[in-house]
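Chain by chain, the residues run as shown.
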Amino acid sequence: MIKMVAFAVEKEELPIFQNCKDRYEIDLTCFEEKPNLERIKSLKAFDVINVLSDTVITEQMWNVLKEKGVKIGITRCIGMEHMNKEYAESLGITVMNISYSPSSVADYAIMMMLMVLRHVKPIMQRYTAQDFTPKGFRGRELPSMTVGIIGAGNIGSTVIKHLSGFGCPIYYWNRSEKKELEPFATFCSLDTLLTKSDIVSIHIAYSDETYHFMDKEKIAKMKEGSVLINTARGPIVDTSALIEALEKGKLGGAGLDVFEGDRTIYYRNFKNQLINNHELAILNAMQNVLMLPHFAYFTDQALYDMVSNSIKKVYEALQ
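Residues numbered from 1 in each chain as written. Predicted model: local features only at pLDDT ≥ 70, side-chain atom pairs only at ≥ 80, totals over all residues. Heavy atoms only, no water.

Asks: What's the story with the sheet that holds strand 8 (residues 186-187) in this structure? I'm lost.
Replies: The pairing of strands in a sheet comes from backbone hydrogen bonds and takes either a parallel or an antiparallel form. A sheet is described by the order of its strands in space; here 7 strands give the open sequence 8-7-6-9-10-11-12, paired in parallel fashion. Single-partner strands in this sheet number two, and they are strand 8 and strand 12 (289-291). When strand 6 (residues 147-150) meets strand 9 (residues 199-202), the two strands line up parallel, connected through 4 bridges. Each residue of the ladder has a partner; that of V147, found in strand 9, is I199. Against the sheet, helix 7 (residues 154-163) contacts strand 6 and strand 7 (170-173), and its axis sits at roughly 160° relative to strand 6. Here helix 10 (residues 239-247) sits on the sheet in contact with strand 10 (226-230), strand 11 (251-256) and strand 12, set at roughly 140° to strand 11. (Pairing = 2+ DSSP bridges. Helix = DSSP H or I, 4+ residues; strand = E, 2+ residues; numbered from the N terminus. Contact = heavy atoms within 4.5 Å. Axes fitted to C-alpha atoms, helices over the stretch in contact; angles between N-to-C directions.)

Asks: How should the pattern of salt bridges be read in this particular structure?
Replies: If charged atoms from side chains of opposite charge come close, those side chains can pair. One pass over the full model with this rule turns up 17 salt bridges. Across the salt bridge formed by R39 and E33, the nearest N and O atoms sit 3.1 Å from each other. A salt bridge links D47 to K71, with the shortest nitrogen-to-oxygen separation between them at 2.7 Å. Here D47, found in the loop between helix 2 (37-42) and strand 3 (48-51), pairs with K71, found in the loop between helix 3 (59-67) and strand 4 (72-75); they are 24 residues apart in sequence, far enough to count as distant. We classify D47 as buried; its relative accessible area is 15%. Among the ionic contacts, a cluster of salt bridges with common partners joins K34, D54 and R268. (Salt bridge = Lys/Arg side-chain N within 4 Å of Asp/Glu carboxyl O. Buried < 20%, exposed > 50% of the residue type's maximum accessible area, 1.4 Å probe, protein only.)

Asks: I'm lost on the pairing of strand 2 (residues 26-30) in this one. Help?
Replies: Along any regular strand, the residues point their side chains to alternate faces of the sheet. Looking at chain direction, strand 1 (residues 2-6) and strand 2 are connected through 5 bridges and run parallel. Note on strand 2: the bridge partner recorded for V5 is T29. A crossover connection joins strand 1 to the parallel strand 2 through helix 1 (residues 14-23); in handedness this β-α-β unit is right-handed. (Right-handed = clockwise from strand over helix to strand, strands pointing away.)

Structural data, given as structure tokens:
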């Protein structure tokens, strides 16, 4: 029987873990806490460690996991930048990720586009102050916008298909052209996408190669008054360059479910505390910037997929 230890398990995940472990006959131990070196040392031998994105597995931790007999490390998310994959695989440990409902992030990205175009953030602020006047909040309509999608994986492709129902012209840039997207969008160069799009939405994976992918040079190529949406990973966008473009009026707004440095802030409660992050403070103070705490993935279907696929994929690999 496969022995799996899962960390950072939320209450909503427990019933799914229970159901799936019985289906695949997994010997499962769940911890609410994140993994740390001392906890790992205290465990008996097991085969698989299962974690979330809000966890960094260090080289020291991998060394102990190797001693414990771990064969696979799997993360219940798409991104793997926290897994220290290269080092783990140098020890002979396989590192895996999973997929989940692409509609979760895709629909959230479209929602953010609409919220920025219709000034929902400042409207809500004015509404809570019981000021119901419309001055300054004339919005823009999505069907009249040209939208550019950077990255056409599962999520990016789903954004394109769902967005096509709004009737707006769509461009996409990807490593390769996708024939199945021909009815919905136009494949183009990155420069073409940046210069023609009123909205640019990012859907590429984060890696060393995509660090600050959206840098000062690329942002400068974007249309005057255009909007940047990021539901991928924070470090893909150079935050300083983004702030400068917003302050100068080069960009008309931004929707950010992630930002550079969010890993030590999001998913934590800082109520009545000072958050020592100047860029977060600046972006939050901007009326044309909508910031949300990396919740794009958080739907019932995606949560089920994250847990069930993390068990199913391990089971199939070890069988």
